[in-house]
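Spelled out from the first residue to the last, the chains are:
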Number of protein chains: 2
Amino acid sequence: MARIVMKFGGTSMAGMERIRNVAARVKHVAEQGNEVAVVVSAMAGETDRLVGFCKEASPLYDPAEYDVVVASGEQVTSGLLAMTLKAMGVDARSWLGWQMPIHTVESHAKARIQSIDTEELLKAMSTGQVAVIPGFQGRMENGRVSTLGRGGSDTSAVAVAAAVKADRCDIYTDVNGVYTTDPRIVSRARKLDMVTYEEMLELASVGSKVLQTRSVELAMKEGVRVQVLSSFDDPTQEELPGTLIVSEEEMEAQIAKDSDMERQLITGIAADKNEAKVTVTRVPDRPGAVAHIFGPLAEASINVDMIIQNVGRDKGETDVTFTVPGADLARSIDILEKNKETIGFNRIIPDTKVSKVSVVGVGMKSHAGVAATMFKALAERGINILAVATSEIKVSVLIDEDETELAVRVLHSAYGLDAEEAA
Amino acid sequence: MARIVMKFGGTSMAGMERIRNVAARVKHVAEQGNEVAVVVSAMAGETDRLVGFCKEASPLYDPAEYDVVVASGEQVTSGLLAMTLKAMGVDARSWLGWQMPIHTVESHAKARIQSIDTEELLKAMSTGQVAVIPGFQGRMENGRVSTLGRGGSDTSAVAVAAAVKADRCDIYTDVNGVYTTDPRIVSRARKLDMVTYEEMLELASVGSKVLQTRSVELAMKEGVRVQVLSSFDDPTQEELPGTLIVSEEEMEAQIAKDSDMERQLITGIAADKNEAKVTVTRVPDRPGAVAHIFGPLAEASINVDMIIQNVGRDKGETDVTFTVPGADLARSIDILEKNKETIGFNRIIPDTKVSKVSVVGVGMKSHAGVAATMFKALAERGINILAVATSEIKVSVLIDEDETELAVRVLHSAYGLDAEEAA
């Protein structure tokens, strides 16, 4: 017997037929003798509909009332799932955010969960009653409704799993796990049995949007074992294993135990086309000059990723190139222009036709030569590297956007990630 | 300055454009210096949509989860109205059923309000903040969501008005008041300035569905002055007066004060086509025999209205005729058939082609001859009376359904209710 949190997204909850499928799957897990809590999203499209009303009410809608309005979507699906389970003979009840309660900080529309009262919940679950919990919502200290921000239900599920000390948090999605890379780009991409929190965070931050980043951070902090798996298999069959997201220690222990599992150097390849490159030309080449560029950007909470200071221009001047999220490009240019005199540059050259390709893996901590393999493989195919950034478990390169798919395929092969058969 | 509760139904809340109209009207009342609480229904059609999901989940859906699902409709509109008011510069906030809370008995889908905690609410209202309260919902002692049954928002509004000791509870509807009769039947129907609770109850119970009966009963019990008025006039203009529903004492005082107001013998004429007539033939004519008929019906909570025991049949036998709500006809017949041996009848003759027409007025308490006028007027037009029932302020006759409109017109004229110009 285990204690399991199951989380279903909006696509799985879109309409009664799908909710019945979800209920059948929950029933299956509960009838194996597990204690089960289910965290649900609103029906696909419902949150957009409700947000649409708010925007129609006023472009600058009141965030406290926004929370009251949008939290209703998950209230509906949690009630519907609980009644469907009961109709199938499975004892169940819904626990709304204010009923448990799920305590959040006082911050509307982007609240963080502080704590969850689980005494009543655990008592009910211990009798075999399935707890159905609306994701995304909570209650603030002042008694008002709060929500966690879009996609917050993943975070709700992990927080509930941490609070009830669940053996596992199963997140059902429209993919059946985390892959070595996007299977739409590389047909020989392989599903991973296990990744570490750190790898998952790097993969998520560079474009593999399987889980909300915040939920993985929380799982890492709280040591919650998360499994990503598909909600579209037959619910009455034994589930196909998904991808387990665990600590590095558990991963090491598993490798030590299981002779079939090999320590991989690289876990996955990710690509992100939402970066923009900015070159600021003819900046005075003296100490502190660069601070005039990056200080104002940091103040505006713009996340600068890669930075290259070109050398060899006219004496006393240099070009500075860096990347920012594409969504922040216009704002970045605006800020630089406003500080033109202090910085003392000639002009700004923006470029959105770039992409960041990253190789990620905890294995590289203890291995040299990862970057060298990458540069060699790309060079052999004539792919030009515009910039490089590294972390302990990641090497990223900035390349021409048109070469993204080619680069991903080349690297997937170069690190021996290709499956024997196409995915 | 007064303390006013305003209530808006689903048609008034159907979409942001209408919600903006409601907000403009609330703003107008608040800016006159009144303390305002607004009670709102779900958007027209929304509760049906949510009930539809529940029925799809299971025909015998769990009532506790039904409440969780359907209460969301009013949560959405209360949040939207509050944010619209704020966007218009009017301080406002929503107060959900569990937040005040509105305490109800432990009965899902048909709860009754027991009490409302108003301390926080009144504190907020005294600062000029408009309180927006979702109708229809409450919280049970065990902390779960309850709802009051369809149309319950009128009752919520009256309960809030009683709890905050409001000077008036204004119920905005799609008609601009209570009329002497249905203006679609009688073009010369007149809008009433004032009716008593008792008259309103009789008019409601016989088919004038302006307000939920339960809300009028509560208003009478708590002495809440209710005004019915139209939500479709221009919200920026001074409101047209609607119909005030008050105690008999207030009505008397008003008549004594205002020389223009005349004591009317009859306040209104109502018709109800949803009655069914049942004749049970050849019942043994001995003491207690009738109890065998009405006992089992009462046990099944079937409301028997008019009863006629025909005389003059074969010696020792009699026919019994009575009326029940049309919706209960099939069940009534079923119950009688099951008790055929105990009752000892020959056969059951159902008839749904009947209608009940009633004249209502507190004025008839002190006047004889009301029934005589009625019988004479109907007889002159050849309308046959199948049964008669009376109360202190009402005389009802059962007639052929096809003659309903004719009877209503004849009686409206006979009691001098016709307006000089068509409504």
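Keep in mind it's a predicted model, so treat the numbers as computed, not measured.

1. Remarks on the overall build of chain A
And then number 1: Per the secondary structure count, chain A includes 14 helices and 20 strands.
And then number 2: For 423 residues, the compact-globule estimate of 2.2 N^0.38 gives 22 Å, and chain A sits close to it at 24 Å.
And then number 3: On the principal axes, the C-alpha backbone points of chain A span a range of 80 × 55 × 35 Å.
And then number 4: Within chain A, contacts between residues at least 6 apart in sequence are counted, and of these 74% link residues at least 24 apart.

2. Examining the pairing of strand β14 (residues 275–284) of chain A
Residue and element names in this part refer to chain A.
And then number 1: In terms of burial, β14 is a largely internal element, 9 of the 10 residues being buried.
And then number 2: Here β14 runs beside strand β17 (residues 348–351); their pairing, made up of 4 bridges, is antiparallel. Within β17, the position partnered with Lys 277 by the bridge is Asp 351.

3. Considering the confidence of the model for chain A
And then number 1: Looking at chain A as a whole, the pLDDT averages 92, with 96% of positions reaching at least 70.
And then number 2: Prediction confidence for the complex, expressed as pTM and ipTM, is 0.86 and 0.85 respectively.

4. Some thoughts on the interface of chain A and chain B
And then number 1: Of the residues lining the interface, 39 residues belong to chain A; the matching set on chain B comes to 39 residues.
And then number 2: Interface area, chain A with chain B, both sides summed: about 3,100 Å², of which 64% is carbon and sulfur.
And then number 3: For chain A, the biggest contributors to the area lost against chain B are A:Glu65, A:Met83 and A:Trp98; these three give 20% of the whole.
And then number 4: Taken together, the connections running from chain A to chain B amount to 4 salt bridges.
And then number 5: For A:Lys86, the salt bridge is made with B:Asp62, and the minimal N-O distance between the two is 3.5 Å.

5. A look at the packing of aromatic side chains
And then number 1: A full pass over the atoms with the stated rule returns 7 aromatic pairs over all chains.
And then number 2: Centroid distance A:Phe8 to A:Tyr172: 4.5 Å. Interplanar angle 10°. Geometry classified as stacked. A residue pair is termed long-range when its members are at least 10 positions apart, and A:Phe8 in strand β1 (residues 3–8) and A:Tyr172 in strand β9 (residues 168–173) qualify at 164 residues.
And then number 3: Overall, the relative accessible area of 0% leaves A:Phe8 in the buried class.
And then number 4: Measuring from ring centre to ring centre gives 5.1 Å for B:Phe294 and B:Phe322, while their planes differ by 75°; the resulting arrangement is edge-to-face. Of this pair, B:Phe294 sits in helix α10 (residues 289–299) while B:Phe322 sits in strand β16 (residues 317–325), and the two are 28 residues apart along the sequence.
And then number 5: The residue whose ring lies beneath A:Arg93 is A:Trp95, and the NZ or CZ to ring-centre distance is 3.8 Å.

6. Examining the UniProt feature "binding site: substrate" (unreviewed entry) in chain A
Residue and element names in this part refer to chain A.
And then number 1: UniProt marks Thr 47 and Glu 74 with the feature "binding site: substrate" (unreviewed entry), using the numbering shown here. Sequence-wise these annotated residues cover 28 residues; spatially they are packed, their C-alpha atoms never more than 8.8 Å apart.
And then number 2: Here Thr 47 is to be found in helix α2 (residues 46–57).
And then number 3: Exposure remark for Thr 47: the relative accessible area of 10% places this residue in the buried category.

7. Thoughts on the sheet that holds strand β5 (residues 113–116) of chain A
All names here are of chain A.
And then number 1: Ordered in space as β5-β4-β7-β8, the 4 strands form an open sheet in which the pairing is mixed. The open sheet has two edge strands, β5 and β8 (145–147), and neither has a second partner. Sheet twist, expressed as the average angle between the axes of neighbouring strands with direction ignored, equals 45°.
And then number 2: Taken together, the 3 bridges between strand β7 (residues 137–140) and β8 define a ladder with antiparallel strand orientation. Bridge pairing in β8 links Gln 137 to Thr 147.

8. Description of unusual backbone geometry
And then number 1: Cis geometry marks the peptide bond from A:Met100 to A:Pro101, where omega comes out at -20°.
And then number 2: Tracing the backbone through its elements, the reader meets A:Pro101 in the loop between β3 (92–94) and β4 (102–104).
And then number 3: Residues other than glycine seldom take positive phi values, yet A:Ser301 does so here, at roughly 60°.
And then number 4: Checked against the element boundaries, A:Ser301 lands in the loop between α10 (289–299) and β15 (307–309).
And then number 5: Residue class for A:Ser301 comes out exposed when judged on its relative accessible area of 63%.
And then number 6: Not every positive phi belongs to a glycine, and B:Arg282 is a case in point at roughly 55°.
And then number 7: Note on placement: B:Arg282 falls in strand β14 (residues 275–284).

9. Some details on the pattern of salt bridges
And then number 1: Going through the model one piece at a time under the given rule, you end up with 46 salt bridges over all chains.
And then number 2: Of the charged contacts in the structure, one is a salt bridge between A:Glu46 and A:Arg49, with a shortest N-O distance of 3.1 Å. Pair noted here: A:Glu46 and A:Arg49 are both in helix α2, with a separation of 3 residues, about one helical turn.
And then number 3: Looking at A:Arg49, the relative accessible area reads 31%, which means it is partly exposed.
And then number 4: A salt bridge links B:Glu248 to B:Lys365; the shortest N-O distance between them is 2.9 Å. Note that B:Glu248 is positioned in helix α9 (residues 248–257) and B:Lys365 in the loop between β18 (354–360) and α13 (370–380), a separation of 117 residues in sequence.
And then number 5: One salt-bridge network, in which partners are shared between bridges, spans A:Glu46, A:Arg49, B:Glu46 and B:Arg49.

10. Focus on the relation of the copies chain A and chain B
And then number 1: Rotating chain A by 179° about the axis while translating it 0.2 Å along that axis superimposes it on chain B, leaving an RMSD of 0.3 Å. The superposition of one copy onto the other is thereby described by a two-fold rotation axis. No C-alpha of chain A lies nearer the rotation axis than that of A:Ser72, which sits 2.5 Å from it.
And then number 2: Both copies present the same face, since 100% of the interface residues in chain A are matched by interface residues at the equivalent positions in chain B.

11. A closer look at the pairing of strand β16 (residues 317–325) of chain A
Walk down a regular strand and you will see the side chains alternate between the two sheet faces.
Residue and element names in this part refer to chain A.
And then number 1: For β16, a buried count of 7 out of 9 residues is recorded, marking the element as mostly surrounded by other parts of the structure.
And then number 2: When β14 meets β16, the two strands line up antiparallel, connected through 8 bridges. Bridging across to β16, Pro 284 finds its partner in Glu 317.

12. Comments concerning α13(B)
Residue and element names in this part refer to chain B.
And then number 1: Within the span of α13, buried status applies to Val 370, Met 374, Ala 377 and Leu 378. Take α13 and look down its axis: the buried residues cluster within an arc of 95°, on one side only. Counted as exposed and oriented over 90 degrees from the buried face of α13: Lys 376, Ala 379 and Glu 380.
And then number 2: Those residues of α13 hidden inside the fold are in contact with β18, β20 (394–400) and α14 (404–414).
And then number 3: Residue Gly 382 follows α13 closely and has a positive phi angle near 75°.

Reading the values: the criteria
Residues numbered from 1 in each chain as written. Chains lettered and ligands numbered in written order. Predicted model: local features only at pLDDT ≥ 70, side-chain atom pairs only at ≥ 80, totals over all residues. Heavy atoms only, no water. Helix = DSSP H or I, 4+ residues; strand = E, 2+ residues; numbered from the N terminus. Rg over C-alpha atoms; globule rule 2.2 N^0.38 Å. Contact = heavy atoms within 4.5 Å. Buried < 20%, exposed > 50% of the residue type's maximum accessible area, 1.4 Å probe, protein only. Pairing = 2+ DSSP bridges. pLDDT = per-residue confidence, 0-100. Buried area = accessible area lost by both parts, 1.4 Å probe. Salt bridge = Lys/Arg side-chain N within 4 Å of Asp/Glu carboxyl O. Phe/Tyr/Trp six-rings, centres within 6.5 Å; stacked < 30°, edge-to-face > 60°. Lys NZ or Arg CZ within 6 Å of the ring centre and 35° of its normal. UniProt positions renumbered as here; feature names shortened; annotations may be inferred. Axes fitted to C-alpha atoms, helices over the stretch in contact; angles between N-to-C directions. Least-squares fit on C-alpha atoms with pLDDT ≥ 70 in both. Arc of directions from axis to C-beta.

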